[in-house]
Amino acid sequence: MALTHMHASGMGGIRTAGDLVARMQMSKKMRLNEAKAYVAGKLKISVADLSDEVIMNEVRQDLDIATVYGGMGEQSRGIEAKFRIAKLLDLEINSVSRFLRKTEWR
Amino acid sequence: MIVTRMGDGSFIKMSEEEVKADIEAGVEDAVKRGKIEPLTAAEIDYLVDICCRPQKFVSVQQGNELILTYDSGTLKITRLGIPIGMPQIMQIYERAFAADTLELAYVHYSFKPIKMIVPEEQYAVAETSLVTTAPLFYGAMPNLPLYTQPDGPCPNAAELLPAGKIAEARAAQEEAVEYAVKDMVFVGSGVYEAGADGIDFDTTAAAGDAEFQATLLACEQLRAKYPDMAIEIGMAGEFVLGFHGQLEYDGVRLAGLYPHQQVKLAEKAGASIFGAVVNTNSSRTFPWNLGRAVTFCKACVEAAKIPVHANVGMGVGAVPLVMTPPIDCVSRASTAMAEVGKLDGL
């Protein structure tokens, strides 16, 4: 069922910008269109590009914020990518803040 | 003839006129029960179009995509008998299932049993947060009945009510609310401290108004404690049962509230996302259930200031009440919720 929804109406997670738009809903209570506009602005792309796998794969590689092939090569993955996403979206990410506290970087 | 299904999943054939008549009847039922606005003629025509398309699978137009959250996401793999750990399940959701969000969940998906194993769950949360990029929820059910005898400490309201002991039944539920709030705040705090982005209260108010009150109070306390925490309140049904009947939150009686009213209280309690539910009537057709569910959800979206994610799964959101939800119905419900209901997510 999760896969049916993903194909029918889902944004696509880290294949696209789904995780980034979701973060704005979760952290700032932004409605869908507001969250999409905010993320598109920060990424300097159009709202339509947010759910395009081809463009977003390149954008995510350029910004080094993880793709579905996150394990390959020099790409950031997991918590590394979240450090970059927090900065990119001007957002506090709980696991990133915890990492900084635990490593006494902050 | 159009091939569609009943709410129990069985195939039926209808004419296009019959499909439209059933959608209109479903809309009318929602309007009457919820005292809400109907869908427009154009919206009803679009639902007819979605139902009547010959393709097995239907999807939104480019650009109309929304955000997906997952109730008990981890358990969907565990239930299939695939023996892999929770962090690995989350990696599969993120990288193979294209999930916008992730949700960790323990097999005993209720706050009461989870409080005993919070350190282990914190470990799973912390490990997962290191190896995944998508936002991470921890989810569980408030499940108020677990606090009643013989499983819990409180007298059982379901036994007291048939015996005519109304005051005792109400007192028992009020006592259970106190226990449940403590457990939800304890578990929610634990998983947030471990690195989760937020908590998902799933199937809220399954036990009626007392359970809804407990969840709102827990949400309020967590919001005061963690201003940046994501909190999703997902409901169990479209209508809050008045099992107690007199409980209130912020001066509003909880029994009898529909989604567009429930969401206002979720907002006041500090929720980030509200999960609207509309139950599927298995004796009615899919078009009837679709018209009804979209009408309720659209009203909720219009009333809300926070994102609304409709529950569109087994037996809710127009999806037939079966263990293997048919793709033809799920994809149509998914599309209709995004394009007519204007949901922020599912």
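In case you missed it, the structure is sitting above this.
Just so we're clear, the structure is a prediction, and the values are computed from it rather than from any experiment.

(A) Focus on the interface of chain B and chain A. Listed as interface residues are 60 residues of chain B and, on the opposing side, 44 residues of chain A. When chain B packs against chain A, the two sides together hide about 4000 Å² of surface, and 58% of this comes from carbon and sulfur. Area buried by chain B at its contact with chain A is led by E65, R95 and T133 of chain B, which between them contribute 16% of it. For the pair chain B and chain A, the interface holds two salt bridges. Notably, a salt bridge pairs R23 of chain A with D197 of chain B, separated by 3.1 Å at the nearest N-O pair. Our count for the contact surface shared by chain B and chain A stands at 29 residue pairs in polar contact (both at pLDDT 80 or more). Contributing elements (two or more residues each) for the side of chain B that touches chain A: α4 (86–95), α6 (118–131), α8 (166–194) and α12 (327–339) of chain B. For the side of chain B that touches chain A, the element with the most residues is α12 of chain B, which contributes six residues. Here the residues of the side of chain B that touches chain A sort into 35 nonpolar, 15 polar and ten charged.

(B) Layout of the pairing of strand β1 (residues 2–5) of chain B. All names here are of chain B. Here β1 runs beside strand β2 (residues 11–14); their pairing, made up of four bridges, is antiparallel. Following the sheet pairing, I2 is matched in β2 by M14. Linking two consecutive strands that pair antiparallel, namely β1 and β2, is a turn of five residues; a positive phi of about 95° is found at G9 within it.

(C) Spotlight on the sheet that holds strand β4 (residues 136–140) of chain B. Residues and elements named next belong to chain B. Taken in spatial order, the five strands of this open sheet run β3-β4-β5-β6-β9, and their pairing is parallel. The open sheet has two free edges, formed respectively by β3 (102–104) and β9 (273–275), since each of these has just one partner strand. The sheet shows a mean angle of 25° between the axes of neighbouring strands, direction not considered. Strands in contact with α6 are β3 and β4; relative to β4, the strand with the most contacts, it is inclined by about 155°.

(D) Highlighting the packing of α4 of chain B against α6 of chain B. Residues and elements named next belong to chain B. Remark: α4 packs on α6, axes separated minimally by 9 Å, with the N-to-C direction vectors making an angle of 35°. The two elements α4 and α6 cross, and the hand of that crossing is right-handed. Residues M86, P87, M90, Q91, E94 and R95 of α4 pack against E121, A124, E127, T128 and V131 of α6. Here the residues of the contact of α4 with α6 are counted per class, giving five nonpolar, two polar and four charged.

(E) Region of interest: the layout of surface pockets. Considered as a void within the structure, the largest pocket measures approximately 1100 Å³ in volume. Lining of the largest pocket is provided by 39 residues; of these, M1 of chain A together with D71, K76, G313 and M314 of chain B occupy positions nearest its centre. Broken down by secondary-structure element, the contributors of at least two residues to the lining of the largest pocket are α1 (2–8) of chain A together with α3 (73–78), β5 (198–204) and β6 (230–235) of chain B. For the lining of the largest pocket, the element with the most residues is α1 of chain A, which contributes four residues. Class assignment for the residues of the lining of the largest pocket results in 23 nonpolar, eleven polar and five charged.

What counts, and where the lines are drawn
- Residues numbered from 1 in each chain as written.
- Chains lettered and ligands numbered in written order.
- Predicted model: local features only at pLDDT ≥ 70, side-chain atom pairs only at ≥ 80, totals over all residues.
- Heavy atoms only, no water.
- Contact = heavy atoms within 4.5 Å.
- Buried area = accessible area lost by both parts, 1.4 Å probe.
- Salt bridge = Lys/Arg side-chain N within 4 Å of Asp/Glu carboxyl O.
- Polar contact = N/O pair within 3.5 Å; in protein donor to acceptor, adjacent residues only side chain to side chain.
- Helix = DSSP H or I, 4+ residues; strand = E, 2+ residues; numbered from the N terminus.
- Nonpolar A, V, L, I, M, F, W, Y, C, P; charged D, E, K, R; others polar.
- Pairing = 2+ DSSP bridges.
- Axes fitted to C-alpha atoms, helices over the stretch in contact; angles between N-to-C directions.
- Left-handed = near helix turned anticlockwise from the far one by under 90°.
- 1 Å grid on protein atoms, 1.4 Å probe; cavity = no way out; pocket = protein on both sides within 12 Å on 5 of 7 lines; lining within 4 Å.
- Points joined across faces, edges and corners; volume = space filled by probe spheres on them.

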